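One-letter residues, chain by chain:
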Amino acid sequence: MTDGHINAFGKNKKDLTVNINLRRRRAAEIRFKWMGLCAIGLAMVFLAILFISIFKNGIPGFFQHYVTLEVNLDEKRMDPEGNASINSLYNGDARGIINDAIFKVLDPQGRSDKREAKKIVSSGGEKRLRNLVLDDPSLLGQTIKVDFAVDDDIDSFLRGYIKRETPEADRRISDKTISFIDKLTDDKMIKYKMSDYLFFGSASRNAEMAGIKGALIGSIITLTICLLIAFPLGVATAVYLEEFAPKNRLTEFIEVNINNLAAVPSVVFGILGLAIFINLFGIPRSIPLVGGIVLALMTLPTIIISSRASINAVPPSIKDAALSLGASKHQAIFHHVVPLALPGMLTGTIIGMAQALGETAPLLMIGMVAFIVDIPGSVSDPATVLPVQIFMWADFAERMFIHKTSAAIIVLLVFLITMNTGAIWLRKRLERRWQ
């Protein structure tokens, strides 16, 4: 075999090896691509299942059944002291007035039937009647139509969760109560409409009266405190570390620990708040002030890291140009660098606040899991927050609490999506692209 044949054979063998390796790499790329697509598809399936489950249970939570009754607001029974004050109305016979209205429609015979008829209207009906008179005392002495929420068991029956075919001994409502419900339904006195208790009610053991107003206001107050503490401290820390701090082992140690704090479990911050602010400083438990401070400590690393990245993204020529025109270092930083980095800082802050909005573990540690009926009016009033309210409702057995828990999750998701959408819009709207 000549040298030419040997060279040609070697070349062909080399080309064949190259082609085989190319085919293998391309096959590996195709497999990797399909693995990625399958992973994304699987994640989307699980996400769809999650959202379908939440919305399937949550949408009914925005609605509930009401019974419309004509009530005679007898002035002596409703307002015995005659001054339409809250004390007088609580001393009045609001429940008796509601019972008379339901008896007039159902005409129960005997004490047993009356006892069953009373169960139809929720115990929250008395408060609704008092609030109507407090808002408009001129209603006293009149006969008006009022929509009262039905009891949780009645609502469950009307939704089909309690079957009339089930033996009476195994049901939570009696045959007599079912006959009363059928009469009210036939007379078109029962409505299925948007629940005003969900948005305007507060914590309650009765599912039909439970609402998120108190928890929502508590969340707003807590997040406001968190923002007022975390944003200025986070931005100031980032500016100092990037522009003023000397580069030595101390600052390196601080930077490493800031990065590590971003990965610390949130419950650790709750333990810190319990040990320092409550046990050491004696601040009361379950108040938005402590919750806001704890969430601020948890959010600070996120704000500092994002703010430092935003400062680094500003071209050095901006500061150099300001210095060359006679500006001091402080003027160059605070008049030029920080304003240009502000969009990124705000974006990081909003993302950190969205994370804080969904936190439960640190707030459980400082006692914001307490049963709070009153609406908080200040940072020192006992309060709870929306994620904790969801956690508490999820532990209750009543069927309506399942719906209200999912409805509250939907409200929380709307807030989170709104905050993240706002962060994206803010970044797109204010960011500058440097050439």
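Summarised in this report is the structure supplied together with it.

Scanning the protein from terminus to terminus reveals 18 helices and three strands. Whereas a compact globule of 435 residues would reach a radius of gyration of roughly 22 Å, the protein reaches 32 Å, over 25% beyond that. The principal-axis extent of the C-alpha atoms belonging to the protein is close to 115 × 75 × 40 Å. When the 435 residues of the protein are sorted by exposure, 42% land in the buried category. If you take every contact in the protein between residues at least 6 apart in sequence, the share linking residues at least 24 apart comes to 75%. Averaging the locations of the 48 positively and 41 negatively charged side chains of the protein gives two centres separated by 11 Å.

Following both chains from N to C, one finds helix 14 (residues 316–324) and helix 15 (residues 329–357) inclined at 145 degrees, their axes separated by 9 Å at the closest point. In this structure, helix 14 crosses over helix 15, and the sense of that crossing is right-handed. Listed contacts from helix 15 to I318, K319, A322 and L323 of helix 14 are K329, A332, I333, H336, V337 and L340. Considered class by class, the residues forming the contact of helix 14 with helix 15 number seven nonpolar, one polar and two charged.

This part is about unusual backbone geometry. For D107, which is not a glycine, the phi torsion comes out positive at approximately 50 degrees. Within the secondary structure layout, D107 lies in the loop between helix 4 (94–106) and helix 5 (110–118). Among the residues examined, D107 registers a relative accessible area of 53% and is labelled exposed. One non-glycine residue, S286, adopts positive backbone phi at about 65 degrees. Looking at the element boundaries, S286 is found in the loop between helix 12 (266–280) and helix 13 (288–313).

Definitions and limits used
Residues numbered from 1 in each chain as written. Predicted model: local features only at pLDDT ≥ 70, side-chain atom pairs only at ≥ 80, totals over all residues. Heavy atoms only, no water. Helix = DSSP H or I, 4+ residues; strand = E, 2+ residues; numbered from the N terminus. Rg over C-alpha atoms; globule rule 2.2 N^0.38 Å. Buried < 20%, exposed > 50% of the residue type's maximum accessible area, 1.4 Å probe, protein only. Contact = heavy atoms within 4.5 Å. Lys, Arg positive; Asp, Glu negative; His and termini not counted. Charge placed at Lys NZ, Arg CZ, Asp CG, Glu CD. Axes fitted to C-alpha atoms, helices over the stretch in contact; angles between N-to-C directions. Left-handed = near helix turned anticlockwise from the far one by under 90°. Nonpolar A, V, L, I, M, F, W, Y, C, P; charged D, E, K, R; others polar.

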